[in-house]
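# Observations on the model geometry
Residue strings, one per chain:
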Amino acid sequence: MKKIVILFLFLILFLCGCTTLQEQSLEEIIQDATESNLKIFNKYRKGYKYNLPEGLSVLSNYDYNEILSGGEYTYYLYIDGVSYYNKVIETYHIQEESFASMPINFEEKYGYLEINELKSGKYFIEIMYNYAKIEVIVEKSDIKRSLSNAIMLLSSIEFNDNILKTLLDEDTAQFKEFEFNIFETATSESGYLQAIEADIYKEDDGVHDSDLIN
């Protein structure tokens with residue numbers, strides 16, 4: 001009987017959590033993640049670390065590009081260590097014709113969210129924040145869940161200035177192997193999604209998630 005009660009309470013909490021997320025606006029979802037003070041990390045890379053939200057897994061990582069899986073969707077993550085190190089700042093212009101378009105600003109971190117409907121009826125989410133960008137294509141009903149996953153990950157990224165400086169001093173070319181401007185939006189499925197995937201799997205068909213200690 002005790003196990004049944006515990007299971008019942010767990011289901012209530014789970015359903016309430018899902019309901020709350022769906023009832024939130026896109027702005028509220030972003031605000032909750034960006035204002036979080038949690039310092040939890042489970043992925044360690046060259047020059048940065050981050051917390052991968054529950055439900056997501058790393059399919060592959062190659063330098064500063066990663067492919068993530070979350071249910072039926074694939075997330076494409078790009079970390080721009082050069083722009084972070086040089087403290088590059090660009091202005092985002094709201095696109096009135098987009099399904100959603102807004103700048104993101106919190107303390108010294110900034111970025112943007114842009115969502116556009118594709119001809120297929122799915123939605124292309126581009127979110128840049130904290131010198132990193134995630135792109136993912138989802139069904140309309142999954143926009144908020146996918147946005148929550150993306151902004152939680154981006155908000156958790158913490159750079160290691162010393163390691164980035166060393167890497168830049170040693171060989172800046174490694175940061176330019178795949179040139180991709182995180183400050184620009186594609187307005188439709190970008191070539192980045194196909195190019196990164198082709199480049200990574202050309203190197204190795206296996207699954208990578210080699211955490212590197214900072």
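Residues numbered from 1 in each chain as written. Predicted model: local features only at pLDDT ≥ 70, side-chain atom pairs only at ≥ 80, totals over all residues. Heavy atoms only, no water.

## Some thoughts on the sheet that holds strand β9 (residues 132-138)
Selection rule: When DSSP finds two or more bridges between two strands, those strands count as paired. Strands here mean DSSP runs of E at least two residues long; helices mean DSSP runs of H or I at least four residues long; both are numbered from the N terminus. For every element, the axis is a line fit to its C-alpha atoms; helices are fit only across the contacting stretch, and the angle between N-to-C directions ranges from 0 to 180 degrees. A contact between two residues is defined here by any heavy atoms of the two lying within 4.5 Å.
With antiparallel pairing, seven strands are arranged side by side in an open sheet as β3-β4-β5-β9-β8-β7-β6. The open sheet has two free edges, formed respectively by β3 (57-62) and β6 (100-106), since each of these has just one partner strand. Adjacent strand axes in the sheet meet at a mean angle of 15 degrees, parallel and antiparallel pairs treated alike. Relative to β9, strand β5 (residues 73-79) runs antiparallel, the two being bridged by four bridges. If you follow Tyr76 over to β9, its bridge partner there is Glu135. The strands touched by helix α2 (residues 26-34) are β6, β7 (109-117) and β8 (123-129); relative to β6, the strand with the most contacts, the crossing angle is about 25 degrees.

## Structural notes on the sheet that holds strand β1 (residues 43-45)
Judged by pairing direction, the sheet is antiparallel, and its three strands sit side by side in the order β1-β2-β10 without closing on themselves. Two strands close off the open sheet at either side, each with one partner strand: β1 and β10 (158-159). Bridging between β1 and strand β2 (residues 48-50) involves three bridges; their strand directions are antiparallel. For Tyr44, the partnering residue across the bridge sits in β2 and is Lys49.

## Section: the environment of Asn162
For clarity, the threshold we go by: Only protein chains enter the accessibility calculation, which uses a 1.4 Å probe; a residue is then buried when its area is under 20% of its type maximum, exposed when over 50%, and partly exposed in between.
Structurally, the position occupied by Asn162 is in helix α5 (residues 161-170). Given a relative accessible area of 62%, Asn162 falls into the exposed group. In this structure the C-alpha to C-alpha distance between Asn162 and Tyr85, which are 77 residues apart in sequence, comes to 10.0 Å.

## A look at the pattern of salt bridges
Just so we agree on the cut-off: Definition used for salt bridges: Asp or Glu carboxyl oxygen within 4 Å of a side-chain nitrogen of Lys or Arg.
Applying the stated criterion across every chain, the model contains six salt bridges. Between Lys39 and Glu158 there is a salt bridge, and its shortest N-O distance comes to 3.6 Å. Of this pair, Lys39 sits in the loop between α2 and β1 while Glu158 is found in strand β10, placing the two residues 119 residues apart along the sequence. Owing to a relative accessible area of 62%, Lys39 belongs among the exposed residues under this scheme.

## Points about unusual backbone geometry
Note: most peptide bonds trans; most residues except glycine with negative phi. Backbone geometry at Lys87 places phi at a positive 55 degrees, although glycine is not the residue there. Tracing the chain through its elements places Lys87 in the loop between α3 (81-85) and β6. Within the chain, Glu107 stands out as a residue other than glycine whose phi angle is a positive 50 degrees. The residue Glu107 is located in the loop between β6 and β7 in this model.

## Remarks on the packing of α2 against helix α4 (residues 143-156)
How we decide: Angles are sorted into four bins: roughly parallel if under 35 degrees, roughly antiparallel if over 145, roughly perpendicular if 65 to 115, and oblique for all others. For any helix crossing, the convention is left-handed if the near helix is rotated counterclockwise from the far helix by under a right angle, and right-handed if that rotation is clockwise. Three classes are used, and their members are as follows: Ala, Val, Leu, Ile, Met, Phe, Trp, Tyr, Cys and Pro are nonpolar, Asp, Glu, Lys and Arg are charged, and the others, Gly among them, are polar.
Where α2 contacts α4, the axes come no closer than 9 Å and their chain directions differ by 25 degrees. As judged from the angle between their axes, α2 and α4 are roughly parallel. Of the two possible hands of crossing, α2 and α4 adopt the one that is right-handed. Each of Leu26, Ile29, Ile30, Ala33 and Thr34 in α2 lies in contact with α4, whose residues at this interface are Ile143, Lys144, Leu147, Ser148, Ile151, Met152 and Ser155. In terms of residue class, the contact of α2 with α4 is made up of eight nonpolar, three polar and one charged.

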